[in-house]
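Working through the structure, step by step
Next come the chains, spelled out residue by residue.
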Amino acid sequence: MAINWFKYSAPTTFYPLAGKLIPWFAASSAILFAAGLYLGFVVAPSDATQGEFYRIIYIHVPSSILSMFLYLVMAGYAALGLIFNTRLSSMMASAVAPTGALFAFIALWTGALWGKPMWGAWWVWDARLTSELILLFLYLGFIALHASIDDPRRADRAAALLAIVGSVNVPIIYFSVKWWNTLHQGSTIKFTGTSMQVTMQQSMFTMLAACWLYAIAIILMRVRSIILERERNTKWITELAEVKK
Amino acid sequence: MLEVSNLACSRGDHRLFSGLNLELHPGQIMQILGANGSGKTSLLRTLCGFIQPDEGKIAWEGSDVRDLGEDYFAEMMYLGHLNAIKDELSALENLRISAGLSGLPLNEADAIAALRRMGLKGRERLPVKVLSQGQQRRVALARLLVIKARLWILDEPLTALDVNAVALIEGVLAEHLAGQGMVIFTTHQPLNVAGVRSLSLS
Amino acid sequence: MKNLFGLLLLIVRRDLLLAMRRRADVLTTLIFFVMVVSLFPLGVGPETDMLRKMAPGVLWVAALLASMLSLGRLFSADYLDGTLEQMLLAPQSLSVLVLGKMASHWMVSGLPLVLMTPVLGLQFDMSVQAIGVLMLGLLLGTPILSMIGAIGAALTLGLRGGGVLLSLLVLPLCIPVLIFGTGAVQAVTSGLSISSHLSLLGALLVLAVAFTPWVTAQALRISME
């Protein structure tokens, strides 16, 4: 039986579906956050060389992974919206951007917090931190461009083109920054010991899953408000129970 | 032949027109009527392919203009509110560059002849910024004489023109129609050309 | 093929002619570049050792900023007087037309910076060899800045605060150019080979020529809607 995927790409069907899904994602994210933080900050043993400071990686690593991955997700949705002219994809892209930027910011912040006890400086020009900073700039560019164009359709399309150019550029930027870093013999974050202890691994994955679910829940919430805002003049919106009230 | 079927267009949240149909055959001229803000310019810009219509199709000689692309651009000419001329360049330079852009390099003698016909004798080599508004519009309209397009899309071509210039344009239009050309235009001034059909946007 | 080349030539000649009639614009970019570079010694002190070390970075960043400054004008003048509409309707390849605009933009605002570099390099006590490599890097890199910048200029066309927004969009994308350009000078001063840096810059230039005109053309169509 063929499933009509395009049915779910229409805001009219997606809006109630997202509404039903959000509580599940939000609740499981909250549970996993609690479990992950408990595992990471209480159960997991302290690191041989880094002591207790290393525990910030349970926040730092998942947020940096998500910040990078969400950029690709955003660019993917934006490209879909640009090529197939599907409204929902473009709305998804603009819903992903702030969450991605938030994770990039958290990754930078926690990286700085980690750097202070490790290297004695809040900021070191480590290749990964620098790339993360540039990634944050790319997110901000996307958001700023989208915000400064009044016509939503032009904004979607222009920002989509920027996101695609950005995602093509990300590997080049990452490579060049890494190269620059090795030339200048900068400090690089390295894990002590090649194998992580099992509890450490478990808490890391729990936190990663928690962040994922959080991202999905918040993006769905944001896309729902974008749908309401963009489609405010359509009939189905005015017939929604929450709008009638 | 230009054929528009079931065209709908909106700016922002505002629906300008919908279900619009029109047909323009060789030798025909059509005026788009409507109050300010009724979407005349948007319609013309949609016909040029600048704006993607919300619905509907625009076909030139039976094929969608989106698929034709440059082949369509080669057969049409658009004259907008803006003159598309450079202040720093002379009328002659402006005209020759416009012609070059359309892929039809123009020699100096032909360009001067076209400008003279537009009543710009003696001003061909002055920088356009010293010309009056009406004269600048004439420089822009000189493109009609040198670019060989079958479909003319003219948005308010008569702005800033004096009586003589309007008469001149009427003659140019009549000539174009006699040669199996097509014209679609908007204007708020009277224009005397035989056989004008009109389409009202309301 | 000949037709495309003719179009390229037409646009370059047109833009150079316009630049000649508006010389002040060209000069402002160059003066800005010289001024920014000259301010650095005043800000950090006149020790020649430090200045020599800083010079490639300072010149490159100044070149980046100067090209951002001039990019705002790349399409906006044509946009405001309606010429850009006519360009989009020209029955010719928009990508080639855009490439022509990029080329003339570089000749007007990138090339003068490269030519000015030796004088500024001497202010920073750079060796002749280092200045040569710096110029070579700028020669390969400034066209890339014009091309990447053109995408930003096309996307921000007609927006309020377009200039600042343009820099915000384009500067992060220019980082690789900055890294390889300054890296080459540092390599030559520490006695290493410069070929890898310069060939990477060359590769970026080839990529930019291949893709940015088309992307910019799409951006222009989006912005003109």
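Residues numbered from 1 in each chain as written. Chains lettered and ligands numbered in written order. Predicted model: local features only at pLDDT ≥ 70, side-chain atom pairs only at ≥ 80, totals over all residues. Heavy atoms only, no water.

With respect to the overall build of chain C
Our working rule: Put simply, DSSP H or I for four residues or longer makes a helix, DSSP E for two residues or longer makes a strand, and each gets a number counted from the N terminus. Radius of gyration: over C-alpha atoms. The globule rule applied is 2.2 Å multiplied by the number of residues raised to the 0.38 power. Here's how the labels work: a residue is buried when its accessible area is under 20% of the maximum for its type, exposed when over 50%, partly exposed in between, all with a 1.4 Å probe on protein chains only. Whether two residues are in contact is decided by their heavy atoms, any of which lying within 4.5 Å being enough. When charges are counted, Lys and Arg contribute as positive and Asp and Glu as negative, whereas His and the chain ends are disregarded. Every charge is mapped to an atom, namely NZ of Lys, CZ of Arg, CG of Asp or CD of Glu.
Counting its secondary structure elements, chain C contains 10 helices and 0 strands. When the elements of chain C are put in sequence order from the N terminus, they spell out α-α-α-α-α-α-α-α-α-α. Against the globule reference of 17 Å for 225 residues, chain C gives a C-alpha radius of gyration of 18 Å, in line with a compact fold. With respect to the three principal axes, the spread of C-alpha positions in chain C is 55 × 35 × 30 Å. The proportion of buried residues among the 225 residues of chain C is 56%. Considering only contacts in chain C between residues 6 or more positions apart, those separated by 24 or more positions represent 81%. Mean positive and mean negative side-chain charge positions of chain C (12 and 9 charges, respectively) differ by 8 Å.

Points about the overall build of chain B
Looking only at helices and strands, one finds 8 helices and 9 strands in chain B. Relative to the globule expectation of 17 Å for 202 residues, the C-alpha radius of gyration of chain B, 17 Å, shows essentially globular dimensions. Oriented by its inertia axes, the alpha-carbon framework of chain B measures out at about 50 × 35 × 30 Å. In chain B, buried positions account for 55% of the 202 residues.

Focus: the domain arrangement of chain B
Residues and elements named next belong to chain B. Quick note on the threshold: For each domain, the first and last residues come from an automatic or database assignment. Throughout, the accessible surface (probe 1.4 Å) given up by two parts as they are put together, summed over both, is called the buried area. Here a salt bridge means any side-chain nitrogen of Lys or Arg lying within 4 Å of a carboxyl oxygen belonging to Asp or Glu. Under the rule applied, a polar contact is a pair of N or O atoms within 3.5 Å (in protein, one hydrogen donor and one hydrogen acceptor; residues adjacent in sequence only if both atoms are side-chain atoms). Residue polarity is assigned by list, with Asp, Glu, Lys and Arg as charged and Ala, Val, Leu, Ile, Met, Phe, Trp, Tyr, Cys and Pro as nonpolar; anything else, Gly included, falls into the polar class.
Looking at the assigned domains, one finds that chain B contains domain 1 (1-75 + 149-202) and domain 2 (86-147). Contact with domain 1, which involves 15 residues of that partner, is made by 10 residues of domain 2. Both faces considered, domain 1 and domain 2 share a buried interface measuring about 1,100 Å² in area, 64% of it formed by carbon and sulfur atoms. The tally of links from domain 1 across to domain 2 stands at 2 salt bridges. Put simply, Arg-117 and Glu-175 hold a salt bridge, and the shortest N to O gap is 3.1 Å. Applying the counting rule to domain 1 against domain 2 returns 6 residue pairs in polar contact (both at pLDDT 80 or more). Those elements that place two or more of their residues in the side of domain 1 that touches domain 2 are strand 7 (151-155) and helix 8 (163-178). For the side of domain 1 that touches domain 2, the element with the most residues is helix 8, which contributes 5 residues. Of the residues in the side of domain 1 that touches domain 2, the class split is 10 nonpolar, 1 polar and 4 charged.

Quick notes on the interface of chain B and chain C
Each partner contributes residues to the interface: chain B has 27 residues there, and chain C has 29 residues. For the pair chain B and chain C, the summed buried surface comes to about 2,400 Å²; carbon and sulfur atoms form 60% of the total. Broken down residue by residue, the surface that chain B buries against chain C is led by Phe50(B), Lys86(B) and Leu101(B), which jointly contribute 30%. Taken together, chain B and chain C are joined by 11 residue pairs in polar contact (both at pLDDT 80 or more). Where the side of chain B that touches chain C is concerned, the elements lending two or more residues are helix 1 (40-48), helix 3 (70-73), strand 6 (76-79) and helix 4 (91-101) of chain B. Here the side of chain B that touches chain C gets 4 residues from one element, more than from any other, and that element is helix 4 of chain B.

Notes on the sheet that holds strand 3 (residues 29-33) of chain B
All names here are of chain B. Test applied: Strands pair, by our definition, only if DSSP identifies at least two bridges between them. Geometry is summarised by axes, namely lines fitted to C-alpha atoms with helices restricted to the contacting stretch, and by angles between N-to-C directions that run from 0 to 180 degrees.
Pairing is parallel in the open sheet, where 5 strands are placed in the order 6-7-8-3-9. Each edge of the sheet is formed by a strand with only one pairing partner; in this case those strands are strand 6 and strand 9 (196-200). Going across the sheet, the axis of each strand differs from the next one's by a mean of 15°, ignoring polarity. Pairing between strand 7 and strand 8 (residues 182-186): 5 bridges, direction parallel. Bridge pairing in strand 8 links Leu-151 to Met-182. Where helix 1 meets the sheet, it contacts strand 3, strand 6, strand 7 and strand 8, and its direction lies at approximately 150° from that of strand 7.

Quick notes on the pairing of strand 3 of chain B
Residues and elements named next belong to chain B. Among the 5 residues in strand 3, 4 count as buried, and that is most of the element. Bridge count between strand 3 and strand 8: 3 bridges; the pairing is parallel. Its bridge partner lying in strand 8, Gln-31 is registered against Phe-185. Bridge count between strand 3 and strand 9: 5 bridges; the pairing is parallel. Of the residues in strand 9, the one forming a bridge with Leu-33 is Ser-200.

Quick notes on the interface of chain B and chain A
The interface of chain B with chain A comprises 5 residues on the first partner and 7 residues on the second. With both sides pooled, the region where chain B packs onto chain A buries about 450 Å², and carbon together with sulfur makes up 15% of that total. If you sort the residues of chain B by the area they bury against chain A, Gly12(B), Asp13(B) and Gln52(B) come out on top, with a joint share of 82%. Viewed at the interface, chain A and chain B are joined by 1 salt bridge. Arg153(A) is the partner of Asp54(B) in a salt bridge, and the nearest nitrogen-oxygen pair spans 3.8 Å. Summed over the shared surface of chain B and chain A, the number is 2 residue pairs in polar contact (both at pLDDT 80 or more). Grouping the constituent residues of the side of chain B that touches chain A by class yields 1 nonpolar, 2 polar and 2 charged.

Looking at the environment of Ala153(C)
Residue and element names in this part refer to chain C. For Ala-153, the location among the structural elements is in helix 7 (residues 128-155). Overall, Ala-153 belongs to the buried group, its relative accessible area being 6%. For Ala-153 and Ser-70, which are 83 residues apart along the polypeptide, the C-alpha to C-alpha distance reads 10.0 Å. When residues no more than four places from it in sequence are discounted, the contact partners of Ala-153 are Leu-71, Leu-74, Phe-75 and Leu-166.

Details of the side chain of Thr216(C)
Examined against the element boundaries, Thr216(C) turns out to sit in helix 10 (residues 195-224). Once you skip the residues sitting within four places of it in the chain, Thr216(C) turns out to touch Phe75(C), Val98(C), Met102(C), Met147(C), Ala150(C), Ile151(C) and Ala154(C).

Structural notes on the environment of Thr186(B)
Within the fold, Thr186(B) resides in strand 8. Residues Thr186(B) and Ile32(B), spaced 154 residues apart in sequence, show a C-alpha to C-alpha distance of 5.2 Å.

Digging into helix 2 (residues 11-43) of chain A
Our working definition: For a helix, the expected span equals 1.5 Å multiplied by the residue count minus one. Two axes enter the bend calculation: one fitted to the seven residues ending at the residue in question, the other to the seven starting there, and the bend is the angle between them.
Given a rise of 1.5 Å per residue, 33 residues ought to cover 48 Å, and the 44 Å separating the end C-alpha atoms of helix 2 of chain A matches this to within 8%. At Leu21(A), helix 2 of chain A is deflected by roughly 30°, the largest bend along its length, and proline Pro23(A) occurs up to four residues later in sequence.

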